[in-house]
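Results of the structural survey
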Amino acid sequence: MKLNIALLAGDGIGPEVIDQAVKVSNAIAKKHGHELSWTPALTGAAAIDDCGEPYPDSTHDVCVAADAVLFGAIGHPKYDNDPSAKVRPEQGLLKMRKKLGLFANVRPTFTFPSLIDKSPLKRERIEGTDLIILRELTGGIYFGERGRKDDGNTAFDTMTYTRAEIQRLAKKGFELAMTRGKKLCCVDKANVLESSRLWRETVQAMEKEYPEVTVSYEFVDAVAMRLVQWPNSYDVMITENLFGDILTDEASVISGSMGLMPSASVGETTRLYEPIHGSYPQAAGKDIANPLATVLSAAMMFEDFGLTKEAQEIRDVVNKSLAEGVVTEDLAEGGKAFKTSEVGDWLAKNI
Ligand code: IPM
Ligand code: MN
């Protein structure tokens, strides 16, 4: 197979972790006779420095022309403490999601056999966890009307959803559940929010189209608790943008490190693959960040192109590296900590 992949390294540790995913992908491609070409483009703070725009049109064109986008991370501390900044790196990510129509963010949570005791949660609670949070990505409070009232002392952000937006996300959720454990949990705050009541009503109306799927409806605050108490009771969750943002960070600790969880953003056109972690600026340029979330995001990419064996080989080599202690400092626990690039080299060599 011939694939043209847009390579958006972004900010902070983005370039370092992306490099390892490219190494591993190239090794897999070579082994199986695929041809990968990579087209780099700027996003985030790096793009602002270059042209004043966090997601320039030139980058969008590269993404649209590509078969898939592999993305690192976005964000730079110089913007975090400057509430008056007009252009922010994160706007680039939001613009990219919107312009590429990436309305569903697939965030799996699973455990690794050799890391099960590294999780802050007890083994018996997390063993067997295999859930997917399907986060709505182009609507809700992230994209609703926002602003300040005239006196400057009142600010507002609005959570708005249309039935159509909920339906297309829920459809993906039902379809995903059908390929797995046939359980779907709609996470909302329908006891308080009108938009949540629309979510519930819309999903309820779709239930009859998927009679094999068992649907539950739970409030987001309760899910925040149950997710760490009984993560292995969930299969597929669907939820709005901000709830999904928060719950997926929470879910990532189940696996033992935030540096491990991959994601795919899917929608109307080109799909995008990215680690769920951020740009981790404290580690930028030090060659210490964990590249596995990005490597596993590349595995999701191969899977979506129907290259199941290739994806599985990537996951297997990742498991092997963890079992053999070829890990970065976040997982080293006093043992030898490998560099980001060393982990990437090891993975590519062992493909
Ligand atoms: C994520 C990130 C982004 C989000 C930020 C960087 C805008 O936290 O992908 O989860 O909130 O969606
Ligand atoms: Mn987030």
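Residues numbered from 1 in each chain as written. Chains lettered and ligands numbered in written order. Predicted model: local features only at pLDDT ≥ 70, side-chain atom pairs only at ≥ 80, totals over all residues.

**A few points about the overall build of the protein chain**
Selection rule: A run of H or I in DSSP becomes a helix once it reaches four residues, and a run of E becomes a strand once it reaches two; helices and strands are each numbered from the N terminus. Radius of gyration here is computed from C-alpha atoms only, and the compact-globule reference equals 2.2 Å multiplied by the residue count raised to the power 0.38. Note on burial: count the other C-beta atoms lying within 10 Å of the residue's C-beta; 20 or more is buried, 12 or fewer is exposed, in between is partly exposed, and C-beta positions come from the backbone. Here contacts are defined at the residue level, using C-beta atoms placed from the backbone and a cut-off of 7 Å between them.
Looking only at helices and strands, the protein chain features 14 helices and twelve strands. Rg of the C-alpha trace for the protein chain: 20 Å, near the compact-globule value of 20 Å for 351 residues, within the 12% margin. For the protein chain, the spread of C-alpha atoms along the principal axes amounts to about 55 × 50 × 40 Å. Sorting the 351 residues of the protein chain into buried and exposed places 47% on the buried side. The contacts in the protein chain between residues at least 6 apart in sequence include a share of 76% that link residues at least 24 apart.

**Re the packing of helix α9 (residues 220-229) against helix α10 (residues 241-252)**
Going by this rule: Angles run from 0 to 180 degrees between N-to-C directions of axes, and those axes are lines fitted to C-alpha atoms, restricted for helices to the stretch in contact. Here the angle decides the label: under 35 degrees means roughly parallel, over 145 means roughly antiparallel, 65 to 115 means roughly perpendicular, and every other value means oblique. Crossings are classed by handedness, with left-handed meaning an anticlockwise turn of the near helix from the far one by less than a right angle and right-handed meaning a clockwise turn. Gly is put with the polar residues, along with every residue not named as nonpolar or charged; the nonpolar set is Ala, Val, Leu, Ile, Met, Phe, Trp, Tyr, Cys and Pro, and the charged set is Asp, Glu, Lys and Arg.
Between α9 and α10, whose axes approach to 10 Å, the crossing angle comes to 15 degrees. In terms of their interaxial angle, α9 and α10 are classed as roughly parallel. The element α9 and its partner α10 pack so that their crossing is right-handed. Contacts from V220, V223, A224, L227 and V228 in α9 reach F243, L247, E250 and A251 in α10. Per-class residue counts for the contact of α9 with α10 are eight nonpolar, no polar and one charged.

**A few points about the UniProt feature "binding site: substrate" (unreviewed entry) in the protein chain**
We count it as follows: UniProt positions are given in the numbering used here, feature names are shortened, and annotations may be inferred rather than shown by experiment.
UniProt marks R97, R107, R135 and D221 with the feature "binding site: substrate" (unreviewed entry), using the numbering shown here. Over a stretch of 125 residues, the named residues are scattered through the fold, their C-alpha atoms separated by up to 26.4 Å. Note on R135: 28 C-beta atoms within 10 Å, which makes it buried. In contact with R135, other than residues within four places in its own chain, are N105, R107, T239, N241, G244, D245 and T248.

**As for the pairing of strand β11 (residues 262-266)**
Applied cut-off: Only strands that DSSP links by at least two bridges are regarded as paired with each other.
Burial of β11 is extensive: five of the five residues sit out of reach of the surface. Side-chain alternation along β11 places P262, A264 and V266 on one buried face and S263 and S265 on a second face that is also buried. In this sheet, β11 lies alongside strand β4 (residues 104-110) in antiparallel orientation, the contact comprising three bridges. By the bridge assignment for β11, V106 is matched with A264. Here β11 runs beside strand β12 (residues 271-275); their pairing, made up of four bridges, is antiparallel.

**Considering the sheet that holds strand β9 (residues 214-219)**
Strands sit in the order β2-β1-β3-β12-β11-β4-β5-β10-β8-β9 across an open sheet of ten strands; the sheet is mixed. The open sheet terminates on both sides in strands that have one partner only, identified here as β2 (35-40) and β9. Pairwise comparison of adjacent strand axes, ignoring direction, gives a mean angle of 25 degrees for this sheet. Bridge count for strand β8 (residues 183-188) against strand β10 (residues 236-239) is four bridges, and the pairing is parallel. Each residue of the ladder has a partner; that of V187, found in β10, is T239. Each of β4, β5 (130-136), β8 and β10 touches helix α7 (residues 163-178); the most contacted strand, β5, lies at about 165 degrees to it.

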